[in-house]
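The primary structure of each chain is shown beneath.
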Amino acid sequence: MQGAPDRESPQASATPAMTPFLETQIQKVIDEIYHKYKGVDDGTVATYIPELGKANPKHFGICLATVEGQVFTAGDWEQEFTIQSMSKPFAFQMALEKHGPEETLKHVGLEPSGEAFNSIELDPKTGRPFNPMVNAGAIAVASLIKQSPVQASIAAFVDKLSGAAGRRLRLDYSVLASETETGNRNRAIGYLLLNAGIIDEQVQLSLDQYFAQCSVLVNCRDLALMAATMANIGNNPVTGQSVFDFQFLKYVMAVMFSCGLYDFAGNWAVEVGLPAKSGVSGGIFGVVNRQLGIGVYSPKLDAQGNSVRGILACRELASHFGLHTFDFSNVGSSFMQWLL
Ligand code: GLU
């Protein structure tokens, strides 16, 4: 079953229409956050995939998209970058849709690893990768959704993301070539997974699928709409397209909540309190369930590999609008209450 029927859609009757005044207020907050942090110059652009090193460190974009389909943007929101690890939740969703949880979870766990994203390690207790947000888990997931020829499953992945973004997305072939050329650590992980019986012998195909998934070009608006599609029980709030089977989104968002921000995930859960995923290109997207999606981008990363300005912007958006999942004021529709 794809998405949810209209009559179950919470916004169909419950959500108040947004007035032009409120739209202006929200835009003002986003503009202020952009101006407050655009001068922050800390961090370094990732270069271990050489092509990523070409990113302009000044770029900084913010986008917020509601489940009603309103979109608010600031700064370099149109700038494209590769999705990198932010592809992992969507691949996990696709594996769950294709195989169901029982089969999928034979190949990947749900536990935070406490290790770096690229660690070459499996859970000693279960023999599986810890979770789908670390590379080992993501390569296991890529193996579950790959097809032969791999072009077909790459196209299916790009289609899925395009549905969530509401526009046709494409790959960055220079980044793909750069990662394919230098990705020896991921190749090592692939063969470790084969040795452990987690993936089949088509290791190269699984890696091709994984590298291509990481190379999809997106901008902040795409990320915010993909997140808003998750928030909107699987339906793109602008196009109305049913994109994700909503019964699996709880798996995806729960893992994003506990494992989405590398070694910063625990702090993020306390400080921002949203299911989210970051990527080494400098993007972060976050989901406020049933309310909205956030997409931010700035390529300079902190020591944990998260966008410096991105974290600052998300933290401020969450505190300003009361978005934290466990914030006392967040009763499931705090953002909409703020608007009233
Ligand atoms: N393609 C990157 C890698 O596998 C993704 C890393 C990331 O964004 O965390 O190294």
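Residues numbered from 1 in each chain as written. Predicted model: local features only at pLDDT ≥ 70, side-chain atom pairs only at ≥ 80, totals over all residues. Heavy atoms only, no water.

Here we look at the packing of aromatic side chains
As a reminder, the rule being used: In this analysis, rings of Phe, Tyr and Trp, with Trp reduced to its six-membered ring, are considered paired at centre separations within 6.5 Å, and the interplanar angle assigns stacked below 30 degrees, edge-to-face beyond 60, and tilted for intermediate values. Helical segments are the DSSP runs of H or I of at least four residues, strand segments are the runs of E of at least two, and each set is numbered from the N terminus. In this scheme, the term charge over a ring applies when either NZ of a lysine or CZ of an arginine sits within 6 Å of the ring centre and within 35 degrees of the ring normal.
Going through the model one piece at a time under the given rule, you end up with nine aromatic pairs. An angle of 25 degrees between the planes, with centres 5.9 Å apart, marks the rings of phenylalanine 90 and phenylalanine 244 as stacked. Here phenylalanine 90, found in helix H2 (residues 88-104), pairs with phenylalanine 244, found in the loop between helix H8 (220-231) and helix H9 (249-259); they are 154 residues apart in sequence, far enough to count as distant. Between phenylalanine 257 and phenylalanine 326, the aromatic rings sit 5.9 Å apart at their centres with planes inclined by 85 degrees, giving edge-to-face as the arrangement. A residue pair is termed long-range when its members are at least 10 positions apart, and phenylalanine 257 in helix H9 and phenylalanine 326 in the loop between helix H11 (308-321) and helix H12 (334-339) qualify at 69 residues. Lying across the ring of tyrosine 262, lysine 277 places its NZ or CZ 4.4 Å from the centre.

Observations regarding the sheet that holds strand S6 (residues 276-278)
This is how the line gets drawn: In this description, strands pair whenever DSSP reports at least two bridges between them. All axes are obtained by fitting lines to C-alpha atoms, using only the stretch in contact for helices, and the reported angles, taken between N-to-C directions, cover 0 to 180 degrees. A contact between two residues is defined here by any heavy atoms of the two lying within 4.5 Å.
The five strands are arranged S3-S2-S8-S7-S6 in an open sheet whose pairing can be described as antiparallel. Every interior strand has two partners, whereas the edge strands, strand S3 (71-75) and S6, have only one. Direction aside, neighbouring strands of the sheet carry axes that sit 10 degrees apart on average. Sheet topology places strand S2 (residues 61-66) next to strand S8 (residues 292-297); six bridges connect them, and they run antiparallel. When the bridges of S8 are listed, isoleucine 62 appears paired with valine 296. Across the sheet, H8 touches S2, S3, strand S7 (283-288) and S8, and the angle it forms with S8 is around 155 degrees.

Some thoughts on the site of the ligand
As a reminder, the rule being used: The cutoff for a nearby residue is simple: one of its non-hydrogen atoms must lie within 4 Å of the molecule or strand. Between N or O atoms, a polar contact is any pair within 3.5 Å; within protein, one atom must be a potential hydrogen donor and the other a potential acceptor, and residues adjacent in sequence are included only when both atoms are from side chains. The accessible surface values rely on the Shrake-Rupley method and a 1.4 Å probe; as for residues, cover is taken only from the protein chains in view.
As a structural note, the neighbourhood of the ligand is formed by 13 residues, with Tyr48, Gln84, Ser85, Tyr210 and Tyr262 the closest of them. Within the side chain of glutamine 84, a nitrogen or oxygen atom sits 2.6 Å from a nitrogen atom of the ligand. Take asparagine 135: an N or O atom from its side chain is 3.1 Å from an oxygen atom of the ligand. Protein burial of the ligand: of its 300 Å² of free accessible surface, 99% is covered by the chains.

What about the packing of helix H3 (residues 135-145) against helix H6 (residues 184-195)?
Spelled out, the test is: Here a crossing is called left-handed whenever its near helix is offset anticlockwise from the far helix by less than a right angle, and right-handed whenever the offset is clockwise. Just so you know the grouping, Ala, Val, Leu, Ile, Met, Phe, Trp, Tyr, Cys and Pro go in nonpolar, Asp, Glu, Lys and Arg go in charged, and all remaining residues, Gly too, go in polar.
Contact pair H3 / H6: the axes reach a minimum separation of 10 Å and the direction vectors enclose 65 degrees. For the pair H3 and H6, the crossing hand works out as right-handed. From H3, Asn135, Ala136, Ile139 and Ala140 reach across to H6, where they touch Asn186, Ile189, Gly190 and Leu193. Taken together, the residues of the contact of H3 with H6 sort by class into five nonpolar, three polar and no charged.

Quick look at the pairing of S2
Note the threshold: To sort residues, take the accessible area from a 1.4 Å probe on protein chains only and compare it with the maximum for the residue type: under 20% means buried, over 50% means exposed, and anything in between is partly exposed.
Most of S2 sits inside the fold, with six of its six residues counted as buried. Every second residue of S2 is oriented toward a common face, with Gly61, Cys63 and Ala65 on one face and Ile62, Leu64 and Thr66 on the other, all of them buried. Bridge count between S2 and S3: five bridges; the pairing is antiparallel. Residue pairing in the sheet places leucine 64 in a bridge with phenylalanine 72 of S3. Connecting the antiparallel pair S2 and S3 is a turn made up of four residues, with glycine 69 showing a positive phi of about 95 degrees.

Quick notes on the pairing of S7
Counting buried residues in S7 gives six out of six residues, a clear majority hidden from the surface. Because side chains alternate across S7, one face comprises the buried residues Gly283, Phe285 and Val287, and the other comprises Ile284, Gly286 and Val288, equally buried. In this structure, S6 lies alongside S7, joined through three bridges in antiparallel fashion. Following the sheet pairing, lysine 277 is matched in S7 by phenylalanine 285. Hairpin connection, S6 to S7: the antiparallel pair is bridged by four residues, and glycine 282 has positive phi, about 110 degrees. As judged from the six bridges shared by S7 and S8, these two strands associate in the antiparallel manner. What sits directly across from glycine 286, in S8, is isoleucine 294. Hairpin connection between S7 and S8: a loop of three residues separates the two successive antiparallel strands, and arginine 290 in this loop has a positive phi of roughly 70 degrees.

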